[in-house]
Number of protein chains: 2
Amino acid sequence: MPISQVIRNVRPLGAAAVDLVIEAGKIKAALPTGSADAKLSCLLDGQGQLVLPALVESHVHFDKTLWTRPWRPNTAGPTRNDRIRNEQVLLQDFGVPIAQRAGALIEHCIGRGSLYFRSHVDVQTVWGLRHVEAMLALRDQYKHLIDLQLVAFPQGGLLIQPGTAALMQEALEMGVDIVGGIDPAAIDRDPVRHLEALFEWAVRYDRGVDIHLHDPADLGRWEIERIADMTQACGLQGRVMISHAYCLGAFAPAELHGLADRLCELEISIMTCAPSHVTVPPVAMLRSRNVNVCSGSDGIRDAWSPMGNGDMLERAMLMAMRFGWSKDADLEMAFDIVSAGGARALGLQAYGLAPGCPANLLVLPAESLAAAVVDRSPRRAVISRGKIVARDGVFLSI
Amino acid sequence: MPISQVIRNVRPLGAAAVDLVIEAGKIKAALPTGSADAKLSCLLDGQGQLVLPALVESHVHFDKTLWTRPWRPNTAGPTRNDRIRNEQVLLQDFGVPIAQRAGALIEHCIGRGSLYFRSHVDVQTVWGLRHVEAMLALRDQYKHLIDLQLVAFPQGGLLIQPGTAALMQEALEMGVDIVGGIDPAAIDRDPVRHLEALFEWAVRYDRGVDIHLHDPADLGRWEIERIADMTQACGLQGRVMISHAYCLGAFAPAELHGLADRLCELEISIMTCAPSHVTVPPVAMLRSRNVNVCSGSDGIRDAWSPMGNGDMLERAMLMAMRFGWSKDADLEMAFDIVSAGGARALGLQAYGLAPGCPANLLVLPAESLAAAVVDRSPRRAVISRGKIVARDGVFLSI
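Being a predicted model, the structure only gives us computed values, none of them experimental.

A closer look at the interface of chain B and chain A
Each partner contributes to the interface: chain B provides 22 residues, whereas chain A provides 22 residues. When residues of the side of chain B that touches chain A are traced back to their parent elements, those giving at least two are α9 (312-322) and α12 (369-375) of chain B. Top element by residues in the side of chain B that touches chain A is α12(B). It accounts for three residues. Its residues assigned to classes, the side of chain B that touches chain A comprises eleven nonpolar, seven polar and four charged.

And the structure:
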């Protein structure tokens with residue numbers, strides 16, 4: 001008979017306190033606090049803290065991080081191509097392996113409460129499949145703690161770098177989860193062939209698609225329409241994400257209602273980190289038309305920028321700031337985007353606090369869900385599949 | 001003979017480690033670490049951490065805060081006037097006195113490393129001088145620890161609320177430091193008379209001027225030109241601040257070179273919190289033309305928004321994000337804005353790490369000044385006039 005444990009006196013998303021009964025790594029029941037069998041072993045006494053489903057990091061670049069390395073002043077030039085080349089030079093012969101840098105960052109992110117991740121992995125001819133191999137090994141190393149999806153990501157372009165297409169397919173054959181793309185117009189300068197390649201591989205290998213789209217305004221919007229066409233033609237509803245989509249911030253939200261309805265119908269998710277120096281998708285409008293929105297940290301202390309700390313609760317706060325949100329309902333929406341929105345985007349089967357879901361939980365002090373977003377308490381306990389994996393925000397070696 | 005103490009092994013702004021000799025609450029000398037007299041009493045062993053001048057909070061509304069109160073969902077309507085009315089209703093008979101709320105917030109801000117503050121104080125006919133009295137008492141209560149400047153701030157308008165002008169003058173007679181204004185066009189609808197009143201009082205009472213300016217684009221820019229005219233006519237060079245100045249974000253920076261040069265010549269400071277949901281002044285351009293820029297938290301958990309934590313190092317990080325800064329020089333500029341820029345804006349006589357400056361210091365772990373801005377370590381020791389007033393970011397009752 002499986003052994004049950006209990007997390008006592010926690011408030012699910014800020015609601016009335018319950019005792020959460022955990023069994024075989026899953027949530028078994030939520031009982032009014034004090035009513036769980038007193039003989040059950042206590043996994044955690046929540047003392048009235050909030051319990052949240054573990055956070056979802058929907059867009060990160062673990063393989064690029066310089067985490068654990070000494071501070072390195074950023075030396076990249078001003079254009080995107082400058083930055084791509086700067087990173088190639090830096091990482092090509094970088095002395096410290098990805099396993100060490102990205103592994104430490106994964107553990108840090110777990111400490112902040114994320115247990116679900118989608119990481120892009122750089123596929124370029126300069127280093128071939130080295131990043132893919134390292135990230136597949138990390139996916140395996142941490143599979144007892146986290147769900148880590150990997151995207152084969154042609155950072156330097158797909159068509160303009162001969163040999164990249166073959167590497168992409170090899171990465172997918174090795175078990176990478178998602179087909180990635182980037183700026184089909186600005187970088188490859190042949191948007192239709194770029195997208196056709198991605199969708200052909202997605203169908204052939206039965207994978208989802210995730211496209212970095214920084215292309216601006218009308219150009220980016222036109223590409224989103226083409227992505228929608230191909231999603232529909234390939235029957236990939238629910239398996240496509242458009243990351244960044246700065247272009248959607250160039251229009252009055254009302255101009256985008258038709259496009260939003262199409263994204264909703266095709267279950268295409270929009271990922272935004274809610275950056276504050278560029279235009280961003282109109283998140284509230286998209287959500288009001290039932291388009292799924294998720295969020296991520298993007299790069300964390302890498303050759304692109306020294307910013308970032310992998311804290312998805314802080315990301316929710318930054319998103320609220322980006323849109324001037326101050327109402328509880330809006331702050332709760334920001335939380336939903338870094339939790340349930342991410343779960344939908346990543347196609348997670350069981351996510352949340354309902355019985356049957358994995359006991360993947362974040363427990364932290366806060367008066368309410370909205371307050372949790374504003375306060376971002378560092379005093380976080382994190383539970384993965386029924387085991388405590390972080391206390392006070394610090395990952396425990398288990 | 002005065003007693004000297006030493007702060008051992010700290011790196012001023014990230015430079016080589018020194019021992020800082022402190023005497024009579026001031027910095028006496030910076031010696032290569034290890035070379036200070038071993039018999040000197042050790043105030044703090046920095047262990048190679050950074051030492052920074054205490055942070056400058058150039059724009060806050062202490063009297064409005066709901067700090068220490070239970071989480072209160074924001075209920076204001078969408079317009080600025082809705083928010084003004086919402087706050088009037090909430091604060092008019094609020095049960096918990098300003099001394100308690102603002103006092104606790106001041107102590108919290110000290111814990112984050114700020115020791116210099118400019119707080120606006122709401123002067124309105126609905127509550128007369130109640131806020132002024134409370135904030136004057138707090139200024140007195142904390143004068144052994146911090147420099148707190150107060151601005152008489154006609155939140156609800158100056159001309160449209162009969163009786164406000166008399167209250168403003170009374171506040172100045174009571175010892176409020178600065179004459180405040182707000183949106184001379186949008187709120188009072190008579191910008192010239194509004195500004196004339198402020199500058200007349202500034203001259204009569206020998207005070208500086210600090211004007212909240214949210215008025216947009218060409219309207220706001222025109223008002224800045226009038227503020228410059230009056231600053232010049234009244235001989236108030238170096239004593240005028242324009243807060244927010246959203247209007248300056250509506251133009252290409254190059255269009256504003258002439259205006260920037262005028263602001264520089266008249267030593268008018270621009271204060272921006274670098275909010276991400278509105279346009280903001282082009283800080284890098286302003287700085288490149290020697291316009292002084294400072295920053296602040298604005299409201300902290302009040303009837304306007306539940307956001308904010310009074311952390312000026314986080315504010316520097318948010319400013320860097322707002323402009324997409326990633327270079328060390330830019331991150332250092334962000335720090336300068338929350339430190340030396342604030343000191344210039346507030347007209348502080350002695351500020352910094354040079355011998356003779358007050359020993360008002362922030363010691364925290366970081367690899368470099370740029371890293372301090374990105375990391376925002378909570379493990380901060382704060383020293384006010386040679387005494388430790390906070391450890392690990394927590395204010396000590398002294």
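Picking up after the structure, the text goes on.
What about the relation of the copies chain B and chain A?
With an axial shift of 0.0 Å and an RMSD of 0.0 Å, the rotation relating chain B to chain A amounts to 180°. With respect to symmetry, the two chain copies, as superposed, fit the operation of a two-fold axis. Ranked by how close their C-alpha atoms come to the rotation axis, the residues of chain B are headed by B:S276, at 2.7 Å.

Some details on the sheet that holds strand β1 (residues 4-12) of chain B
Residue and element names in this part refer to chain B. With mixed pairing, eight strands are arranged side by side in an open sheet as β3-β2-β1-β4-β13-β14-β15-β16. Where the open sheet ends on each side, the last strands, each with one partner, are β3 (26-32) and β16 (394-395). Strand direction decides the pairing type here: β1 and strand β4 (residues 41-53), joined by seven bridges, are parallel. Residue Q5 lies in a different strand from β4, and its bridge partner there is S41.

Some details on helix α9 (residues 312-322) of chain A
Residues and elements named next belong to chain A. Most of α9 is tucked away, with ten of its eleven residues classed as buried. Against β5 (55-60), α2 (98-112), β6 (114-122), α10 (328-337) and α12 (369-375) lie the buried residues of α9. Of the residues flanking the end of α9, it is G324, one or two places downstream, whose phi is positive at about 65°.

Some points on the packing of helix α4 (residues 164-174) of chain A against helix α5 (residues 191-205) of chain A
Helix-helix packing is described using two parameters, namely the angle between the two axes and the distance between the axes. Residue and element names in this part refer to chain A. Direction vectors running N to C along α4 and α5 enclose 25°, while the axes themselves pass 11 Å from each other. It follows from the interaxial angle that α4 and α5 lie roughly parallel. As for the relative orientation of α4 and α5, their crossing is right-handed in sense. Across the interface between the two elements, A165, M168, Q169 and L172 from α4 touch A197, W201 and Y205 from α5. Residues that form the contact of α4 with α5 fall into these classes: six nonpolar, one polar and no charged.

Focus: helix α2 (residues 98-112) of chain B
All names here are of chain B. In this model, α2 (15 residues) spans 21 Å end to end at C-alpha, consistent with the 21 Å of a helix rising 1.5 Å per residue. Of the positions making up α2, those classed as buried are I98, R101, A102, L105, I106, H108, C109, I110, G111 and R112. Count one or two residues on from α2 and you reach G113, which has phi positive near 110°.

Things to note about the sheet that holds strand β15 (residues 387-391) of chain A
Residues and elements named next belong to chain A. Ordered in space as β3-β2-β1-β4-β13-β14-β15-β16, the eight strands form an open sheet in which the pairing is mixed. The sheet is open, and its two borders are formed by β3 (26-32) and β16 (394-395), each paired with just one other strand. Alignment of strand β1 (residues 4-12) against strand β2 (residues 18-23), held across five bridges, turns out to be antiparallel. Bridge assignment links Q5 to a residue of β2, and that residue is I22.

Focus on the pairing of β3(A)
All names here are of chain A. Relative to β3, β2 runs antiparallel, the two being bridged by six bridges. Paired with V21 across the strands is A29, a residue of β3. A loop of two residues connects β2 with β3, the two strands running antiparallel in sequence, and A24 in this loop sits at a positive phi of about 50°.

Concerning the environment of B:L13
Residue and element names in this part refer to chain B. By the secondary structure assignment, L13 is in the loop between β1 and β2 (18-23). Residue class for L13 comes out partly exposed when judged on the 17 C-beta atoms lying within 10 Å of it. When the C-alpha positions of L13 and L50 are compared, they lie 6.2 Å apart, and in sequence the two are 37 residues distant. Excluding residues within four positions of it along the chain, L13 makes contact with L52 and L369.

Description of unusual backbone geometry
The backbone of A:N9 sits at a positive phi, close to 55°, despite the residue not being glycine. Its location among the elements puts A:N9 in strand β1. One non-glycine residue, B:A24, lies in positive phi territory at about 55°. Checked against the element boundaries, B:A24 lands in the loop between β2 and β3.

Re the packing of α2(A) against helix α3 (residues 130-141) of chain A
Residues and elements named next belong to chain A. Two numbers describe how α2 lies on α3: the axes approach to 10 Å, and their chain directions differ by 45°. With respect to α3, the element α2 is oriented oblique. Seen along the crossing, α2 lies across α3 with a hand that is right-handed. Across the interface between the two elements, I98, A99, A102, G103 and I106 from α2 touch H131, A134, M135, A137 and L138 from α3.

Details of the domain arrangement of chain A
Residue and element names in this part refer to chain A. Under the domain assignment used here, chain A contains domain 1 (4-53 + 352-395) and domain 2 (55-345). Averaged C-alpha coordinates put domain 1 and domain 2 at centres separated by 30 Å. Each side of the interface is counted separately: domain 1 has 19 residues, and domain 2 has 23 residues. Where the side of domain 1 that touches domain 2 is concerned, the elements lending two or more residues are β4 (41-53), α12, β14 (381-384), β15 and β16.

Describing the environment of B:E173
All names here are of chain B. Checked against the element boundaries, E173 lands in helix α4 (residues 164-173). By C-beta crowding, E173 is classed as exposed, having 9 other C-beta atoms within 10 Å. Sequence separation between E173 and A284 is 111 residues; the distance between their C-alpha atoms is 38 Å.

Some points on the pairing of strand β13 (residues 361-364) of chain A
Residue and element names in this part refer to chain A. Side chains of β13 alternate between two faces, with L361 and V363 and L362 and L364 buried alike. The pairing of β13 with β14 spans three bridges and is antiparallel. Its bridge partner being in β14, L362 is matched across the sheet by V382.

Some thoughts on the environment of A:L90
Residues and elements named next belong to chain A. Looking at the secondary structure, you find L90 in helix α1 (residues 80-92). When the 16 C-beta atoms within 10 Å are taken as the criterion, L90 is described as partly exposed. For the pair L90 and A303, spaced 213 residues apart in the sequence, the C-alpha separation amounts to 7.5 Å.

Reading guide: rules and limits
- Residues numbered from 1 in each chain as written.
- Chains lettered and ligands numbered in written order.
- Predicted model: local features only at pLDDT ≥ 70, side-chain atom pairs only at ≥ 80, totals over all residues.
- Contact = placed C-beta atoms within 7 Å.
- Helix = DSSP H or I, 4+ residues; strand = E, 2+ residues; numbered from the N terminus.
- Nonpolar A, V, L, I, M, F, W, Y, C, P; charged D, E, K, R; others polar.
- Least-squares fit on C-alpha atoms with pLDDT ≥ 70 in both.
- Pairing = 2+ DSSP bridges.
- Buried ≥ 20, exposed ≤ 12 C-beta atoms within 10 Å, placed from the backbone.
- Axes fitted to C-alpha atoms, helices over the stretch in contact; angles between N-to-C directions.
- Parallel < 35°, antiparallel > 145°, perpendicular 65-115°, else oblique.
- Left-handed = near helix turned anticlockwise from the far one by under 90°.
- Expected span 1.5 Å × (residues − 1).
- Domains from an automatic or database assignment.

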